[in-house]
Amino acid sequence: MAPTPYVQPVSKSTAVFKDDIFKGKVLFCTGGGSGICKGMTEAVMRHGANATIVGRKFDRLTAAAKELESLTGQVCLPVQADVRKPESIREAVRQTIEKFGRIDFVINGAAGNFLAPIDGLSENAFRTVIEIDLFGSYHTIKATLPYVRESKGAYINVSTTIQYHGTAYQAHVSAAKAGIDALNRVVAVEEGPRGVRSNVLAPGPISGTEGMERLTATDENGQLLVPHEPAPSGRMGTVEDCGSFTVFLFSEVASYASGGIFVLDGAHENIRNQMVPYPEAVLDAEGFKKKLAQAQEKID
Ligand code: HXC
């Protein structure tokens, strides 16, 4: 019989860090209206920060902001903006400064993803993901840097682990995320002397998110066509794991952490052989094709 895997308990950052460590601080988070980045924002707000969340869908953002405020008792400003447009991000920063007067922390989280083999990836499709993920991070870093310098604050750039190996159907995302990893190192080196830190958070598979759902092959009944490999630590990652790690990285105890790439995946990448790619037979399965088409309709 296989040994029972060791399953580490999930603990909230509030069980470890004091509630007020970010009192008076302000977070600016792109992609904060949903998924991992919403959870990261919630965790930072739970420790006393106010936040701006930026995204393209205003209805989703305002609903998320209300929820984050009621969960944390802090103030959350939703700003509709497209990270691909520098002037749009500059305006979101302007509104943040008008509302809160400062920016201490930035999460570069806005991202786009879909499965596509490289010969089915149009120039515009490739460019779109590079523009959202990589240019979006670049525009946001440039727009926020004067304020982050002033507060001697920190960046977390959200990346992933798929670019460490060739991951089929993910040429666009792999190229974009590798670029983000590189950008992170340069920001850390250039801005370190001014007291600014920059790190990458690289989550592996995180359960319960739209991104994970979109990259998971299921049939029409929602059954997995390719079973997930359990990470060596015995469970899937959670949004809460990402939130807690974010609190650590932004906190004083991580003041020597800069230029780092922090993989948060329960050691999954060390044993991964099949998250994406899926075999052609799976991509061709009618149920999965339909699911991808539906996901495409739902996205913002
Ligand atoms: C092939 C596709 C495609 C698909 C879009 N395109 N979906 N090509 N297969 N499934 C092509 C389009 O045909 C078009 O090219 C080009 O991409 C731009 O598409 P648009 O729909 O015009 O762009 P836009 O409306 O701006 O949408 C951006 C998007 C979309 C990236 C394509 O998926 C999006 O907005 N997603 C946001 C939500 C999201 O993806 N979240 C997941 C994050 S999770 P043509 O040539 O036709 O003009 C994540 C985790 C990463 O990132 C970690 C992985 C492990």
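Residues numbered from 1 in each chain as written. Predicted model: local features only at pLDDT ≥ 70, side-chain atom pairs only at ≥ 80, totals over all residues.

## Brief notes about the site of the ligand
Just so we agree on the cut-off: The rule is simple: place the C-beta atom from the backbone, and if it lies within 6 Å of a molecule or strand, the residue is near it. Runs of E in the DSSP output that reach at least two residues are strands. Runs of H or I that reach at least four are helices, and both are numbered from the N terminus. Gly is put with the polar residues, along with every residue not named as nonpolar or charged; the nonpolar set is Ala, Val, Leu, Ile, Met, Phe, Trp, Tyr, Cys and Pro, and the charged set is Asp, Glu, Lys and Arg.
Looking at the ligand, there are 20 residues lining it, with Gly-112, Phe-114, Ser-122, Ala-125 and Gly-211 nearest. With five residues, helix α4 (residues 123–151) is the largest single contributor of residues to the shell around the ligand. When its residues are assigned to classes, the shell around the ligand shows ten nonpolar, nine polar and one charged.

## Quick word on helix α2 (residues 58–72)
The following threshold applies: A helix is expected to span 1.5 Å multiplied by its residue count minus one. Each residue is classified by how many other C-beta atoms fall within 10 Å of its C-beta atom, where C-beta atoms are placed from the backbone; a count of 20 or more means buried, 12 or fewer means exposed, and values in between mean partly exposed. Working note: the arc is built from the helix axis to C-beta atom directions. A residue pair is marked as a contact if its C-beta atoms, positioned from the backbone, fall within 7 Å.
Relative to the 21 Å expected for 15 residues at 1.5 Å per residue, α2 spans 21 Å between its end C-alpha atoms, a close match to the ideal helical length. Leu-61, Ala-64, Ala-65, Leu-68 and Thr-72 are the residues of α2 that are buried. What you see down the axis of α2 is that its buried residues fit within an arc of 105 degrees, all on one side. More than 90 degrees from the buried face of α2, the exposed residues found are Asp-59, Lys-66 and Ser-70. Turning to α2, the residues buried within the fold contact α1 (35–46), β2 (50–55) and β3 (76–80). In the segment just after α2, Gly-73 is the residue with positive phi, at about 75 degrees.

## Side note on the packing of α4 against helix α5 (residues 171–191)
Here is the rule we go by: Axes, fitted as lines to C-alpha atoms, cover a helix only where it is in contact. Angles between the N-to-C directions of the axes lie from 0 to 180 degrees. Here roughly perpendicular refers to angles of 65 to 115 degrees, roughly parallel to angles under 35, roughly antiparallel to angles over 145, and oblique to all remaining angles. When the near helix sits turned anticlockwise from the far one by under a right angle, the crossing is termed left-handed; a clockwise turn instead gives a right-handed crossing.
Their axes nearest at 8 Å, the elements α4 and α5 cross at an angle of 15 degrees. Taken together, the axes of α4 and α5 are roughly parallel relative to one another. Note on packing geometry: the crossing formed by α4 with α5 is right-handed. Side by side, α4 and α5 meet where Ala-125, Phe-126, Val-129, Ile-130, Asp-133, Leu-134, Ser-137, Tyr-138 and Ile-141 of the first sit next to His-172, Val-173, Ala-175, Ala-176, Lys-177, Gly-179, Ile-180, Leu-183 and Val-187 of the second.

## Observations concerning the sheet that holds strand β5 (residues 154–158)
Two modes of strand pairing occur in sheets, parallel and antiparallel, and in both the strands are linked by backbone hydrogen bonds. Cut-off, in case you're wondering: Should DSSP find at least two bridges between two strands, the strands are taken to pair.
With respect to topology, seven strands assemble into an open sheet ordered β3-β2-β1-β4-β5-β6-β7, the strand pairing being parallel. Where the open sheet ends on each side, the last strands, each with one partner, are β3 and β7 (261–264). Ignoring strand direction, the axes of neighbouring strands in this sheet form an average angle of 20 degrees. In terms of strand pairing, strand β6 (residues 197–203) meets β7 through four bridges, oriented parallel. Residue pairing in the sheet places Ala-202 in a bridge with Val-263 of β7. α2 contacts β2 and β3 of the sheet and is inclined by roughly 170 degrees relative to β3. Sheet strands in contact with α4 are β1 (26–30), β4 (105–108) and β5, and its direction is about 180 degrees off that of β4.

## Quick word on the pairing of β2
Successive side chains on a regular strand alternate, one facing one side of the sheet and the next facing the other. Just so we agree on the cut-off: Orienting the strands away from the viewer, one traces the path from the first strand over the helix to the second; a clockwise path indicates a right-handed crossover.
Burial analysis of β2 places six of its six residues in the buried class, which makes it a mostly covered element. Taking every second residue as pointing to the same face, both faces of β2 are buried, with Asn-50, Thr-52 and Val-54 on one and Ala-51, Ile-53 and Gly-55 on the other. Inspection of the sheet shows β1 paired to β2 by five bridges, in the parallel sense. Bridge assignment links Phe-28 to a residue of β2, and that residue is Thr-52. Handedness of the crossover joining β1 and β2 through α1 is recorded here as right-handed. In the sheet, β2 pairs with β3 via five bridges, with the strands oriented parallel. By the bridge assignment, Val-54 is partnered in β3 with Val-79. For the handedness criterion, the β-α-β arrangement of β2, α2 and β3 is classed as right-handed.

## Considering the nonpolar core
The test is simple: Defined on buried residues, the nonpolar core groups Ala, Val, Leu, Ile, Met, Phe, Trp, Tyr and Cys residues joined through C-beta atoms within 7 Å.
Core analysis: the largest hydrophobic core is formed by 64 residues, its most contacted members being Leu-27, Cys-29, Val-44, Ala-51 and Ile-107. Considering every element that reaches this core, the biggest residue donor is α4, with eight residues.

## So, the confidence of the model for the protein
Counted only if it meets this: The pLDDT value tells you how sure the predictor is about a given residue, anywhere from 0 up to 100.
Looking at the protein, the pLDDT average stands at 91 and 91% of residues meet or exceed 70. Predicted complex, confidence summary: ipTM 0.93, pTM 0.92.

## Quick notes on unusual backbone geometry
At Lys-152, a position not held by glycine, the phi torsion is positive, near 50 degrees. Residue placement: Lys-152 occurs in the loop between α4 and β5. Located in the positive-phi region is Ala-267, a residue other than glycine, with phi close to 75 degrees. Among the secondary structure elements, Ala-267 is positioned in the loop between β7 and α8 (268–271). Residue Ala-267 is classed as partly exposed on the basis of its C-beta count, with 13 C-beta atoms lying within 10 Å.

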